[in-house]
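Fold and geometry: a report
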Amino acid sequence: MANPKQLLQDVIGGKFKPVYYFFGSEDYRITEAIRFISHKFLPDEQFLTNFRKIDGKKTKSGDILTELAMIPMLGEKQVFVITDFQSFRPKEIQKILSILKPVDPNRMVIFSSPSSKAPRKGSAFIKNMNKEAVVVEFNKLTRNETNVQIQTKLKKENISISNEAKNFLADLLAGNRGAIETELAKLIDYVGKDGSIEFTDVKNLVNGFEVFTVFEIADYVVARQTSKVLQMLKQLIAEGNSPVVLMTLLQQHFSTLYLVRNGKPPIGNRGWMVAKFKTQAAKYSNQQLEHIIMQIAEADANLRRFGMTPVMTLEVLAMSLTGAKAK
């Protein structure tokens, strides 16, 4: 299994493999990698005709076999991107992989899976893909990688940033590659070239991404401030966050508090935030955290059933967590 850095070095050096499989928790990085490697492999004048993206959820395996058997009308090189590859049955997967042999140096096939359907590393699917393709896992950026991205983009615009602002921004972005691009562009437009970014700029302009927002919600839960929790959830939904995603974030956060409180590492790529997690986890007992995790799990199950609207389900959960009585 390769990592994104190794993939980048190979591609920049002109070393391409005929078959790749991309998966992981960061959809933005997967999309970015597919775009980058495809443009490096295909000449610009052939991209429109010789690049083919196929939705694995909506395409039968037989149709994919037909597509892969076709030769290009212009030029020699081809790129096929087949998404949701994990959705096919094992026999279908094997047929598709078999048609790629013997390898054709002028054809590149990139299989991928979305983060929501990413297979486990030790699964039979991953073991099989490791035999047939270069497998690359794309996860959220580490704290150091996030800081490098921040510094690199700002340096190009000759923009400085205070340490306090940089650390706060890194916490807000939580290793989210797409968020880094979006939020830095916003800050650059605001301060202008040769400008300076301070803590208040980040606080006022950058969206309340999950790592910071859920921390606040957890503080309000332990303080039993129902109105604050409801207000924050309402604002997050208004900003375009789905109730399902918010429920998942709450579940991950309180599960992480439970793990950290018992001396275990946090969920996800957030090792640098252990000190903050410990401070918040100390406000709860194990029994309280277990009860909260069970409440969120029950609400999450209710979201997937017919009944109350998703927004109402979240509101009832908020009242349950803070001990308020539903009206």
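Keep in mind the model is a prediction, meaning the values are calculated, not measured.

1. Here's the deal with the overall build of the protein
- Looking only at helices and strands, the protein features 16 helices and seven strands.
- In terms of overall dimensions, the protein has C-alpha extents of about 65 × 55 × 35 Å along its principal axes.
- By the burial criterion, 42% of the 327 residues in the protein qualify as buried.
- Pairs at least 24 residues apart make up 76% of the contacts formed inside the protein by residues separated by at least 6 positions.
- A total of about 17,900 Å² of accessible surface is found on the protein, and carbon and sulfur atoms cover 53% of it.
- In the protein, the 45 positive side-chain charges and the 33 negative ones have mean positions that sit 6 Å from each other.

2. With respect to the nonpolar core
- Counting 29 residues, the largest nonpolar core has Ile217, Val221, Leu250, Phe254, Tyr284, Ile296 and Leu317 as its most contacted members.
- Broken down by element, the residue count for this core peaks at seven residues, all from helix 13 (residues 243-261).
- Formed by 21 residues, the second largest nonpolar core is a distinct cluster that contains Ile64, Phe85, Phe88 and Val135.

3. Observations regarding the pattern of salt bridges
- Here the structure, examined in full by the defined rule, presents seven salt bridges.
- With its nearest N and O atoms 3.0 Å apart, the salt bridge here joins lysine 101 to glutamate 132. Placement of lysine 101 in the loop between helix 5 (90-98) and strand 4 (107-112) and of glutamate 132 in helix 6 (residues 124-132) is noted, with a sequence separation of 31 residues between them.
- Between glutamate 137 and lysine 121 there is a salt bridge, with the nearest N and O atoms lying 3.0 Å from each other. Taken as a pair, glutamate 137 in strand 5 (residues 134-137) and lysine 121 in the loop between strand 4 and helix 6 lie far apart in primary sequence, 16 residues in all.
- Take glutamate 137: its relative accessible area is 16%, and that puts it in the buried class.
- The exposure class of lysine 121 is exposed, given its relative accessible area of 52%.

4. Quick notes on the packing of helix 4 (residues 61-69) against helix 5
- At a minimum axis distance of 10 Å, the contact between helix 4 and helix 5 shows a crossing angle of 5°. Considering their axes alone, helix 4 and helix 5 lie roughly parallel with respect to each other. Of helix 5, the residues touching helix 4 (which contributes Ser61, Ile64, Leu65 and Leu68) are Glu92, Lys95 and Ile96.
- Split into classes, the residues belonging to the contact of helix 4 with helix 5 amount to four nonpolar, one polar and two charged.

5. Considerations on the sheet that holds strand 5
- One open sheet holds the five strands; their spatial order is 2-3-4-1-5, and the pairing between them is parallel. Pairing within the sheet leaves two strands with one partner each, and these edge strands are strand 2 (51-55) and strand 5. If you compare each strand with its neighbour and ignore which way they point, the axes differ by 15° on average.
- Sheet topology note: the strand 2/strand 3 (residues 78-83) ladder contains five bridges and is parallel. Residue phenylalanine 51 lies in a different strand from strand 3, and its bridge partner there is valine 79.

6. Some details on the packing of aromatic side chains
- On inspection of all chains with the given rule, the structure shows 11 aromatic pairs.
- Measuring from centroid to centroid gives 5.3 Å for tyrosine 21 and phenylalanine 125, while their planes differ by 75°, and the two rings are edge-to-face. Here phenylalanine 125 lies in helix 6 and tyrosine 21 lies in strand 1 (residues 19-23), a separation of 104 residues in the sequence. Neither tyrosine 21 nor phenylalanine 125 differs from the other in exposure class; each is buried.
- Summarising the aromatic geometry, the rings of phenylalanine 47 and phenylalanine 51 are spaced 4.7 Å apart at their centres and angled 15° between planes, so their arrangement reads as stacked.
- According to the relative accessible area criterion, phenylalanine 51 is partly exposed, its value standing at 22%.
- Three or more aromatic residues joined by ring pairs make a cluster, and in this case those are Tyr21, Phe23, Phe85, Phe88, Phe111 and Phe125.

7. Comments concerning the pairing of strand 4
- Buried residues dominate strand 4, accounting for six of its six residues.
- As paired strands, strand 1 and strand 4 are joined by four bridges and run parallel to one another. For tyrosine 20, the partnering residue across the bridge sits in strand 4 and is isoleucine 110.
- Inspection of the sheet shows strand 3 paired to strand 4 by five bridges, in the parallel sense. If you follow valine 79 over to strand 4, its bridge partner there is methionine 108.

Parameters at a glance
Residues numbered from 1 in each chain as written. Predicted model: local features only at pLDDT ≥ 70, side-chain atom pairs only at ≥ 80, totals over all residues. Heavy atoms only, no water. Helix = DSSP H or I, 4+ residues; strand = E, 2+ residues; numbered from the N terminus. Buried < 20%, exposed > 50% of the residue type's maximum accessible area, 1.4 Å probe, protein only. Contact = heavy atoms within 4.5 Å. Areas by Shrake-Rupley, 256 points an atom, 1.4 Å probe, with all protein chains shown as cover. Lys, Arg positive; Asp, Glu negative; His and termini not counted. Charge placed at Lys NZ, Arg CZ, Asp CG, Glu CD. Core = buried A, V, L, I, M, F, W, Y, C linked by side-chain atoms within 4.5 Å. Salt bridge = Lys/Arg side-chain N within 4 Å of Asp/Glu carboxyl O. Axes fitted to C-alpha atoms, helices over the stretch in contact; angles between N-to-C directions. Parallel < 35°, antiparallel > 145°, perpendicular 65-115°, else oblique. Nonpolar A, V, L, I, M, F, W, Y, C, P; charged D, E, K, R; others polar. Pairing = 2+ DSSP bridges. Phe/Tyr/Trp six-rings, centres within 6.5 Å; stacked < 30°, edge-to-face > 60°.

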